[in-house]
Amino acid sequence: MLTANQLLDALLERARSARETETVAVTAALGRVLATPQTSAITVPPLDNSAMDGYAVRVADVAAAGTRLPVSQRILAGAVGESLQPGTAARIFTGAPIPPGADAVLMQEYCYAEGDGVVINALPRRGENVRRAGEDIETGAQVLDAGTRIGAAEMGLAASVGLAELPVFRRLKVACFFTGDELVTPGTSLGPGQIYNSNRYTLTGLVNGLGCELIDLGIVPDSLEATEAALAGAASVADVVITSGGVSVGEADYVKAAVEKLGRVEMWKVAMKPGKPLVYGRVDEADFIGLPGNPVSAFVTFCLFVRPFLLKRMGVRDVLYRAFPVKADFAWTKPGVRREFLRARMQENGRAAIYPNQSSGVLTSCAWADGLVDIEIGQTVQPGDWVRFIPLAELLA
Ligand code: AMP
Ligand code: MG
């Protein structure tokens, strides 16, 4: 029996890093993983510029509030002004370069125009409302590290230093299939004893959400031959094969046997709830991960273990999620012999509540939750106690 931490370590140890790269346009880089660090060839901003619409002055020329200065020039964003003549002000707009000689910008709200001059009703401070050249990025500075997942801000940052394309790791291919004679695809009505294949949809969201390419191989019946055939097909097209169901020690559980036959397998029991055994294996060059069939177990196990594994395989540098201390809005009085990850939700009172039914078949709990509360073995909780809260935002993206 492994602890949850040992299971995570074991999986991460087996996750090979990404190698193959390609170049994509920055506009197409959302969700991709940067393959090499990016540095800036320019200074951002390139020139000292105004943070406000107003008047650029020499601080020394404004000895007192109420000073009147002639306006000697007008500088719009995109233009470059001339050296500011002493004893004058320059009308200036946000983003426009500060003219040489000026050392402050007064907000127009503190000034009023009077003929061809301006009356300044405040005392400027040196550097006021001036955005310094290079205050964001110096020439040669690294702006993005290798292994960064590219989001909206990273796309904008790359563009701000003039990059049009980025080197990224090849998209990871993840093949999934779902074992169970009871499974039916939505769109068909249920016969006796049948249930809908919800794990297919949960995993579609999870795998796509990470930016992997999903190869969906559908439902596979509970037989060794069918499982073997599906596995061989999956391993020949994907970097990682993920299945749900068929990994308990029940009579209709063929997944482990099939992986064993086609490759090699390791099976880990993990001391946590929800969670059944997790199967890791290799079939040729593909990794194999067998998730439990119970919808909540599949969801939680994916978030806590498979996600970091896939992220590392994708070339991501920071693969671990963060947990935060929050106060409990619930009681947990029966100390458990396994670590529990409870479906929980932050309340407006700043405390975490838990879904009333924590059974591993109740998928409603996952849709309701916006996080997991992590309860250690033997831990009991009274309302107001501190508990560890893992936001789903840390686990789903
Ligand atoms: P298993 O791990 O195959 O023993 O399945 C455990 C439980 O999860 C059983 O109640 C199954 O019916 C259910 N289950 C298995 N696969 C799925 C699936 N793809 N979607 C929804 N429930 C499933
Ligand atoms: Mg089954």
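Structure: above.
Residues numbered from 1 in each chain as written. Chains lettered and ligands numbered in written order. Predicted model: local features only at pLDDT ≥ 70, side-chain atom pairs only at ≥ 80, totals over all residues. Heavy atoms only, no water.

Considering helix 5 (residues 255-262)
And step 1. Among the residues of helix 5, those classed as buried are V255, A258 and V259. Down the axis of helix 5, the buried set is contained in an arc of 95 degrees. They therefore lie on one face.
And step 2. Summarising the contacts, the buried residues of helix 5 are in contact with strand 13 (173-179), helix 4 (224-237), strand 17 (240-244), strand 18 (264-268), strand 20 (278-283) and strand 21 (286-291). (Buried < 20%, exposed > 50% of the residue type's maximum accessible area, 1.4 Å probe, protein only. Helix = DSSP H or I, 4+ residues; strand = E, 2+ residues; numbered from the N terminus. Arc of directions from axis to C-beta. Contact = heavy atoms within 4.5 Å.)

What to know about the site of ligand 1
And step 1. Around ligand 1, a shell composed of 15 residues is seen, among which E182, N197, G246, G293 and N294 lie nearest.
And step 2. One of the backbone nitrogen or oxygen atoms of S198 is found 3.2 Å away from a nitrogen atom of ligand 1.
And step 3. The backbone of G293 places a nitrogen or oxygen atom 3.1 Å from an oxygen atom of ligand 1.
And step 4. Burial of ligand 1 by the protein chains amounts to 77% of its free accessible area of 480 Å².
And step 5. Elements with a contribution of two residues or more to the shell around ligand 1: strand 15 (195-196) and helix 3 (198-209). (Near = heavy atom within 4 Å. Polar contact = N/O pair within 3.5 Å; in protein donor to acceptor, adjacent residues only side chain to side chain. Areas by Shrake-Rupley, 256 points an atom, 1.4 Å probe, with all protein chains shown as cover.)

Comments concerning the packing of aromatic side chains
The geometry of an aromatic ring pair is captured by the separation of the ring centres together with the interplanar angle, meaning the angle of the planes.
And step 1. For the coordinates displayed, the defined rule picks out three aromatic pairs.
And step 2. Taken together, a centroid distance of 6.0 Å and an interplanar angle of 65 degrees make the contact between Y280 and F309 edge-to-face. You can see Y280 sitting in strand 20 and its partner F309 sitting in helix 6 (residues 295-314), a full 29 residues away along the chain.
And step 3. The class for Y280 is buried, based on a relative accessible area of 2%.
And step 4. Ring geometry for Y355 and W368: centres 5.3 Å apart, planes at 55 degrees, overall tilted. Of this pair, Y355 sits in the loop between strand 24 (351-354) and helix 7 (364-368) while W368 sits in helix 7, and the two are 13 residues apart along the sequence.
And step 5. When its relative accessible area of 25% is taken as the criterion, W368 is described as partly exposed.
And step 6. Grouping aromatic residues by their ring pairs yields a cluster made of W268, Y280 and F309. (Phe/Tyr/Trp six-rings, centres within 6.5 Å; stacked < 30°, edge-to-face > 60°.)

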